[in-house]
Amino acid sequence: MSTAVERFDDKARGAFDRIGDSQVYEGELLRHRVYTRFLHWMVAVFFFLALFSGFGIYLPWLFRWFTPIFGGGPLARAMHPWFGIGFSVFFGLQALNWLAPMTWTPADSRWMRNIKKIVSGEEKLEPPDTHFFNAGQKLQFWEIIIGTIVFLITGIVMWAGAPTFGRTGVWISYVLHDVSALIMLFGIFIHVYQSTIGQPGTFQSMTRGAVSERWAWTFHPAWFQQVTGRDAREAVEQARKTGSSEPKVPLI
Ligand code: HEM
């Protein structure tokens, strides 16, 4: 029996598929539907608007660089909370949309125990049980959820100010808000690197929605097997034998 959240997501995915378009060519798999891509880019836009307006009003040495983008200091200050709310709303919808594939599994715990080898490049193969998202992606997703809740609570405290929450409440909120922003920013640097240069072939999943089969068996073998019914290792061997090459994505 489907839950209210699943029914809401299904309806939204269907509605967005009627408006937008995903382009999947031969040898490719659909990875992110229109609704997911729309939410992702709205999250990214509001994230950077909140980031630039926030840094502009918070750091004096960035004030004269960033605040003119928003029409000056007072306007940047006035708009920043609304950018934050926009970010939270779109990320909240994305969180519901991705709840199922982001659920932690025993395979993720095994992935984490192997993380040293994966990060150092010693382990070339993604473990065969790596599904739609790997444990690193899931960790970041849950960090953003916690960070967004911290942003919302501390932001509201700072917005209402000392008369409502007291000077100590506002002071603590400033610290937590900024620490959360720095943690998230650090994660987003890694995320942008991984989604572009780090894992070639990933970026197109958030533009036209598709990835190559080769990308899928390289980075998410269990997902590849689920959607194609083919074993990832056998697919690699077959590609090696036929010599079919796609230079941008490594043949594990
Ligand atoms: C502007 C630069 C950005 C680029 C180029 C980018 C690119 C991508 C791509 C290609 C994916 C799909 C990965 C996959 O299918 O495995 C993705 C997923 C995702 N993006 Fe972004 N993104 C950007 C900004 C952001 C921002 C600002 C946030 C949130 C604050 C964000 C949150 C996520 C999350 C949670 C996922 C799913 C898990 C993951 O792949 O890490 N992205 N992004």
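Residues numbered from 1 in each chain as written. Predicted model: local features only at pLDDT ≥ 70, side-chain atom pairs only at ≥ 80, totals over all residues. Heavy atoms only, no water.

Undergrad: Explain the side chain of His-40 to me, using residue names and the numbers behind them.
TA: Locating His-40 in the fold gives a position in helix α2 (residues 34-58). Ignoring sequence-local partners within four residues, the contact set of His-40 consists of Gln-94, His-191 and Met-206. (Helix = DSSP H or I, 4+ residues; strand = E, 2+ residues; numbered from the N terminus. Contact = heavy atoms within 4.5 Å.)

Undergrad: Before we move on, can you summarise the pattern of salt bridges with the specific residues and values?
TA: Tallied over the full model, the rule gives 8 salt bridges. In this structure, Asp-108 engages Lys-138 in a salt bridge whose closest nitrogen and oxygen atoms are separated by 2.7 Å. With a gap of 30 residues between them, Asp-108 in helix α5 (residues 106-113) and Lys-138 in helix α7 (residues 135-160) connect regions that are remote in the sequence. Assigned by exposure class, Asp-108 and Lys-138 land together as buried. A salt bridge links Asp-129 to Arg-110, with the nearest nitrogen and oxygen atoms 2.8 Å apart. In this pair, Asp-129 is assigned in the loop between α6 (115-120) and α7 and Arg-110 in helix α5, connecting sequence segments 19 residues apart. Residues participating in the shared-partner salt-bridge network are Asp-9, Asp-10 and Arg-13. (Salt bridge = Lys/Arg side-chain N within 4 Å of Asp/Glu carboxyl O. Buried < 20%, exposed > 50% of the residue type's maximum accessible area, 1.4 Å probe, protein only.)

Undergrad: If you had to explain the site of the ligand to someone new, which residues and values would you point to?
TA: Around the ligand sit 24 residues, and of these Arg-31, His-32, His-40, Gln-137 and His-191 come closest. At a separation of 2.8 Å, a nitrogen atom of the ligand approaches a polar side-chain atom of His-40. Residue His-191 places a side-chain N or O atom 2.7 Å away from a nitrogen atom belonging to the ligand. At the level of secondary structure, the elements contributing two or more residues to the shell around the ligand comprise α2, α7 and α8 (162-198). Take the shell around the ligand: its biggest share by element is 6 residues, from α2. A per-class count over the shell around the ligand returns 15 nonpolar, 8 polar and 1 charged. (Near = heavy atom within 4 Å. Polar contact = N/O pair within 3.5 Å; in protein donor to acceptor, adjacent residues only side chain to side chain. Nonpolar A, V, L, I, M, F, W, Y, C, P; charged D, E, K, R; others polar.)

Undergrad: An account of the packing of aromatic side chains is needed here, citing residue identities and associated values.
TA: All told, the structure shown has 19 aromatic pairs when counted by the stated rule. With 5.8 Å between their ring centres and 50° between their planes, Phe-91 and Phe-141 make a pair best called tilted. Note that Phe-91 is positioned in helix α4 (residues 73-97) and Phe-141 in helix α7, a separation of 50 residues in sequence. For Phe-141, a relative accessible area of 3% corresponds to the buried category. Between Phe-132 and Trp-223, the ring centres sit 5.2 Å apart and the planes meet at 85°, which makes this aromatic pair edge-to-face. Of this pair, Phe-132 sits in the loop between α6 and α7 while Trp-223 is found in helix α10 (residues 221-228), placing the two residues 91 residues apart along the sequence. Like Trp-223, Phe-132 is buried. A network of ring pairs unites the aromatic residues Phe-47, Phe-48, Phe-52, Phe-66, Phe-87, Phe-91, Phe-141 and Trp-142 as a single cluster. Seen from the ring of Phe-132, Arg-31 lies directly overhead, with NZ or CZ sitting 4.0 Å from the centre. The side chain of Arg-31 reaches across the aromatic face of Trp-223, ending 4.8 Å from its centre. (Phe/Tyr/Trp six-rings, centres within 6.5 Å; stacked < 30°, edge-to-face > 60°. Lys NZ or Arg CZ within 6 Å of the ring centre and 35° of its normal.)

Undergrad: Tell me about empty space enclosed by the protein, and name the residues and values.
TA: Inspection of the entire model under this criterion finds 2 cavities of 30 Å³ or more. Of the voids in this model, the largest cavity is the one considered here, and its volume is about 50 Å³. Lining the largest cavity, in full, are Ala-107, Asp-108, Arg-110, Trp-111, Pro-127, Asp-129, Thr-130, His-131, Phe-133, Asn-134 and Ala-135. Here the element with the most residues in the lining of the largest cavity is α5; it accounts for 4 residues. Residue composition of the lining of the largest cavity, by class: 5 nonpolar, 3 polar and 3 charged. (1 Å grid on protein atoms, 1.4 Å probe; cavity = no way out; pocket = protein on both sides within 12 Å on 5 of 7 lines; lining within 4 Å. Points joined across faces, edges and corners; volume = space filled by probe spheres on them.)

Undergrad: Talk me through the coordination of the iron atom of the ligand; I want residue IDs and the actual numbers.
TA: Listed as protein donors to the iron atom of the ligand are His-40 (NE2) and His-191 (NE2); their distances from the metal cover 2.0 Å. Here the iron atom of the ligand is ringed by 6 donor atoms whose angles at the metal span 86 to 179°, and the overall shape comes out octahedral. Of the two residues, His-40 sits in helix α2 while His-191 sits in helix α8, which places them 151 residues apart along the sequence. A relative accessible area of 17% means that His-40 is categorised as buried. (Donors = N, O, S within 2.8 Å, 3.2 Å for Na, K, Ca; no water. Tetrahedral: all angles 85-135°; square planar, octahedral: opposite > 155°, others 65-115°.)

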